[in-house]
Amino acid sequence: MSKDSLSITDNRTGKSYEIDIDDGNIRAKQLRQIKVNDDEFGMMSYDPSYENTASCKSSVTYIDGDNGILRYRGYPIEQLAENSSQLEVSKLLIDGELPSKTDLDKFISDIKEFNELPSGMESIIKSFPKDSHPMGVLVSTIAALGTFYPESKNIQSEEENYKNICRLIAQVPILAAYFYRHSQGLEIVQPDNSLSYSQNFLNMLFKGDDKKLNPDLVDAMDTLLILHADHEQNCSASVMRGTGSSESDPYSSVAAAAAALYGPLHGGANEAVLEMLSKEIKTVENIPSFLESVQKKEALLMGFGHRVYKSYDPRAKYLKIAADKVFEITGTNPLLDIALKLESIALSEDYFKARNLYPNVDFYSGLIYESMGIPTPMFTVLFAVGRTPGWLAQWKEFLNDKDQKIARPRQVYTGYDYRDYLPLESR
Ligand code: CMC
């Protein structure tokens, strides 16, 4: 009869061990009983970059990377993108269920209550040089925001946590928009509570430029935010949970997560894709030589590949269609032709086929942002605005998970054994 356990024989000692299987997995800590000598620490599993290690149990987001499936709390991303709104999706991610009308209205009104930065933040934002990278500013100002709310350290209080969740969802876009206006030498636009979340965000960026506030572009922005709202245990979500695990306040944890997002292998890829298309490839004719350099490992094809998806990223699939709707309003982006050709050539080449490399969310999002009039360095900021509810949902789940403690990986030490200090003159 089959048993939910794993039998391991250590060929060094001939000893056998029985390890429990729970939900198809083993607890790494059970490996510690495997030792050659009693005084040893015991066996660990070595897994750099956590390629095969589950750090938590989660019911927030489901991904089937082989089949290109992404669901938030069970709902397919395509249905949410088509029918929902960023704030409804935020509530879903954070609380686990689609809200009733009363609950959603209350959530929206709680968020609107925080639609104002504390006095003092505006001068902090304006103290940054105008040409600072907006992600550097966002990371710093989210952390700075927390200093205005020292009570946010009380993470044992559900009421306090709820307040800070709402405040972060409300104020991360305000931080983003204020710095954008400052960087452009424009007057700051105050939040407007008569507008929807995405309408208010675009209004804070572009007030007075009616073309950029077209209702269809507002809808497109909302869809983009939904598609970016969560993506299970990616680099920044893991940082959010890891930072939160030392009981840091949520502002510090979101700032840390945003810092992780900034890198070009994660959320920074949307900016890198635009740079690659406009500055490196430049014309359709240059695609073959660029792809040759990628295959020689001299460059990465930005916006391609994913740790989890080994087929087309469903977010990219949806965005490719959404892009057409945006281009109908804004006029087509000349870089689109290069992107489409690049994709079709790459997908037909053995290098990409053998490695299951497909476009990810960042491949087309930048083209849409650019057409909407958003400057390239702001792209990752938009990703961060969209992802903030997801980070907070992951954080809330972490706080309520009795299995979790402070994150503290082990290492396999490969350094020197004991040695005595040598005075400078003897080295
Ligand atoms: N261009 C060229 N080669 C690639 C690429 C790429 N974009 N991505 C992976 N490879 C190759 C890689 O060199 C390796 O080749 P080999 O087997 O010969 O050593 C193989 O494919 C497997 O790749 P990996 O680096 O082991 O994969 P990973 O899971 O560690 O990395 C990734 C995932 C997303 C960091 C990587 O695919 C990448 O650097 N992509 C470009 C950056 C990018 O678009 N990032 C956005 C990710 S989606 C948005 C988000 O959620 O953050």
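None of the values given here were measured: they were computed from a predicted structure. The residue numbers shown here count from 1 along each chain, following its written sequence. Residue-level local features of this predicted model are given only where pLDDT is at least 70; pairs of side-chain atoms are given and counted only at 80 or more, and the full residue set underlies all totals for whole chains, interfaces and linings. Excluding hydrogens and water, the side-chain values take into account all heavy atoms of the structure.

**Q** Would you take a moment to explain the overall build of the chain for this structure?
**A** Helix numbering and strand numbering both begin at the N terminus, where a helix is a DSSP run of H or I of at least 4 residues and a strand a DSSP run of E of at least 2. Each helix and strand counted, the chain has 17 helices and five strands in total. Taken over C-alpha atoms, the radius of gyration comes to 24 Å for the chain, in line with the 22 Å a tight globule of 427 residues would show. C-alpha extents for the chain along the principal axes are approximately 75 × 70 × 55 Å. Between buried and exposed lies partly exposed: a residue is buried under 20% and exposed over 50% of the maximum accessible area for its type, with that area taken using a 1.4 Å probe on protein chains only. Counting only residues that meet the buried cut, the chain has 49% of its 427 residues in that class. Counting only contacts in the chain whose residues sit at least 6 apart along the sequence, the fraction spanning at least 24 positions is 70%. Here, Shrake-Rupley sampling with a 1.4 Å probe gives the accessible areas, and only protein chains in the shown set may cover a residue. Here the chain displays about 21,800 Å² of accessible surface, and carbon together with sulfur accounts for 50% of that area. This radius of gyration counts C-alpha atoms alone. The globule rule is 2.2 Å times how many residues there are, raised to the power 0.38. Whether two residues are in contact is decided by their heavy atoms: any pair within 4.5 Å suffices.

**Q** I keep staring at the site of the ligand and nothing clicks. Help me out?
**A** Residues are labelled near a given molecule or strand when at least one of their non-hydrogen atoms is within 4 Å of it. Lining the immediate surroundings of the ligand are 22 residues, of which His266, Lys297, Leu301, Gly303 and Arg307 lie closest. Between N or O atoms, a polar contact is any pair within 3.5 Å; within protein, one atom must be a potential hydrogen donor and the other a potential acceptor, and residues adjacent in sequence are included only when both atoms are from side chains. Note that a nitrogen atom of the ligand is positioned 2.8 Å from one of the side-chain N or O atoms of tyrosine 351. Considered on its own, the ligand offers 940 Å² of accessible surface; in the complex 74% of this is hidden by protein.

**Q** Even after reading the chapter, I still don't get the pairing of strand β2 (residues 15-20), so can you show me in this structure?
**A** Each regular strand shows side chains that alternate between the opposite faces of the sheet. Pairing geometry for strand β1 (residues 5-10) and β2, over six bridges, is antiparallel. Within the sheet, the bridge partner assigned to serine 5 lies in β2 and is aspartate 20. Two strands qualify as a pair provided DSSP detects at least 2 bridges between them. Once β1 ends, the chain turns through four residues before running back antiparallel as β2, passing glycine 14 with a positive phi of about 80°.

**Q** Before we go on, may I ask you to explain the packing of helix α5 (residues 134-147) against helix α10 (residues 250-262) in this structure?
**A** A pair of packed helices is characterised by two quantities: the angle between their axes and the separation of those axes. Helix axes are fitted to C-alpha atoms over the stretch in contact, other axes to C-alpha atoms as well, and angles between N-to-C directions run from 0 to 180 degrees. Between α5 and α10, the least distance of the axes is 8 Å, while the angle of their chain directions is 170°. In terms of their interaxial angle, α5 and α10 are classed as roughly antiparallel. Touching Met135, Gly136, Val139, Ile142, Ala143, Leu145 and Gly146 of α5 are Tyr251, Val254, Ala255, Ala258, Ala259, Leu261 and Tyr262, all from α10. Working definition: roughly parallel below 35 degrees, roughly antiparallel above 145 degrees, roughly perpendicular at 65 to 115 degrees, and oblique for all remaining angles.

**Q** It is not clear to me how the sheet that holds strand β4 (residues 69-72) should be interpreted in this structure. Could you clarify?
**A** Each strand in a sheet pairs with another by means of backbone hydrogen bonds, the pair being arranged parallel or else antiparallel. Taken together, the three strands give an open sheet; going across it, the order is β3-β4-β5, and neighbouring strands pair in antiparallel fashion. Either end of the sheet is taken by a strand with one partner, and the two such strands are β3 (61-64) and β5 (75-76). As defined by bridge partners, β3 adjoins β4 across four bridges and the pair is classed as antiparallel. The partner of threonine 61 across the bridge, within β4, is tyrosine 72.

**Q** Is there a simple way to think about the environment of alanine 393 in this case?
**A** Relative to the assigned elements, alanine 393 resides in helix α17 (residues 379-399). Residues alanine 393 and lysine 91, 302 residues apart in the sequence, show an inter-C-alpha distance of 8.8 Å. Ignoring any residue separated from it by four or fewer positions in sequence, one finds alanine 393 in contact with Val60, Leu93 and Ile94.

**Q** Just checking my understanding: could you explain the side chain of serine 253 for this structure?
**A** You can see serine 253 is positioned in helix α10. If we ignore the near neighbours within four places in the chain, the residues touching serine 253 are Met240, Thr243, Gly244 and Ser248.

**Q** Sorry, what's going on with α10 here?
**A** Because each turn of an α-helix spans 3.6 residues, side chains separated by three or four positions in sequence point in the same direction. To estimate the expected span of a helix, count its residues, drop one, and scale the result by 1.5 Å. A rise of 1.5 Å per residue sets the reference length of α10, with its 13 residues, at 18 Å; its end C-alpha atoms lie 18 Å apart and thus fit the reference within 8%. Taken together, the buried residues of α10 touch α5, α6 (158-183), α9 (235-244) and α17. Measuring from the side-chain oxygen of the N-cap residue of α10 to the backbone nitrogen of tyrosine 251 gives 2.9 Å; that N-cap residue is aspartate 249.

**Q** Before we go on, may I ask you to explain the pattern of salt bridges in this structure?
**A** Side-chain pairs of opposite charge can arise where the charged atoms are in close proximity. Salt bridge, as applied in this entry: a Lys or Arg side-chain nitrogen positioned within 4 Å of an Asp or Glu carboxyl oxygen. Inspection of the entire model under this criterion finds 17 salt bridges. Among the salt bridges present, the one from glutamate 160 reaches lysine 163, with a minimum N-O distance of 3.6 Å. With a gap of three residues between them, glutamate 160 and lysine 163 both fall in helix α6, about one helical turn apart. Note that glutamate 275 and lysine 279 form a salt bridge whose closest N and O atoms lie 2.9 Å from each other. In this pair, glutamate 275 and lysine 279 are both assigned in helix α11 (residues 269-281), four residues apart and thus about one turn of the helix distant.

**Q** Any chance you could explain unusual backbone geometry here in plain terms?
**A** Note: most residues except glycine have negative phi, and most peptide bonds are trans. Not every positive phi belongs to a glycine, and arginine 73 is a case in point at roughly 50°. Along the chain, arginine 73 falls in the loop between β4 and β5.

**Q** I tried to follow the side chain of threonine 61 on my own but got confused; where do I start?
**A** Note that threonine 61 resides in strand β3. At a separation of 2.6 Å, a polar atom in the side chain of threonine 61 contacts the side chain of aspartate 230. Setting aside chain neighbours within four positions, we find threonine 61 in contact with Leu70, Arg71, Tyr72, Leu93, Asp230, His231 and Glu232.

**Q** Please explain the packing of helix α7 (residues 197-206) against helix α8 (residues 215-227) as it appears in this structure.
**A** The geometry of α7 relative to α8 is characterised by a closest axis approach of 9 Å and an angle of 110° between their N-to-C directions. One element, α7, and the other, α8, form an angle in the roughly perpendicular class. Listed contacts from α8 to Tyr197, Ser198, Gln199, Phe201 and Leu202 of α7 are Leu217, Val218, Met221, Asp222 and Leu225. All amino acids are sorted into three groups, where Ala, Val, Leu, Ile, Met, Phe, Trp, Tyr, Cys and Pro are nonpolar, Asp, Glu, Lys and Arg are charged, and the leftover types, Gly among them, are polar. Classifying every residue of the contact of α7 with α8 by side-chain character gives seven nonpolar, two polar and one charged.

**Q** Quick question: what am I supposed to make of a positive patch on the surface here?
**A** Like-charged residues within 9 Å of one another, or nonpolar side chains (Val, Leu, Ile, Met, Phe, Trp, Tyr) within 5 Å, are grouped into patches, provided each residue has over 30% relative accessible area and no salt bridge. Positive charges are assigned to Lys and Arg, negative charges to Asp and Glu, while His and the chain termini are left out of the count. We put the charge of a Lys on NZ, of an Arg on CZ, of an Asp on CG and of a Glu on CD. Judged by side-chain charge, Lys29, Lys405, Arg408 and Arg410 come together as a positively charged surface patch. One can find arginine 410 in the segment after α17. Under the relative-accessibility criterion, arginine 410 is labelled exposed at 55%.

**Q** So what exactly am I meant to see when it comes to the environment of alanine 256 here?
**A** Relative to the assigned elements, alanine 256 resides in helix α10. Taking C-alpha positions, alanine 256 is 9.5 Å from serine 140, a pair spaced 116 residues apart along the chain. Leaving out residues up to four positions away in the same chain, alanine 256 has contacts with Val239 and Thr243.

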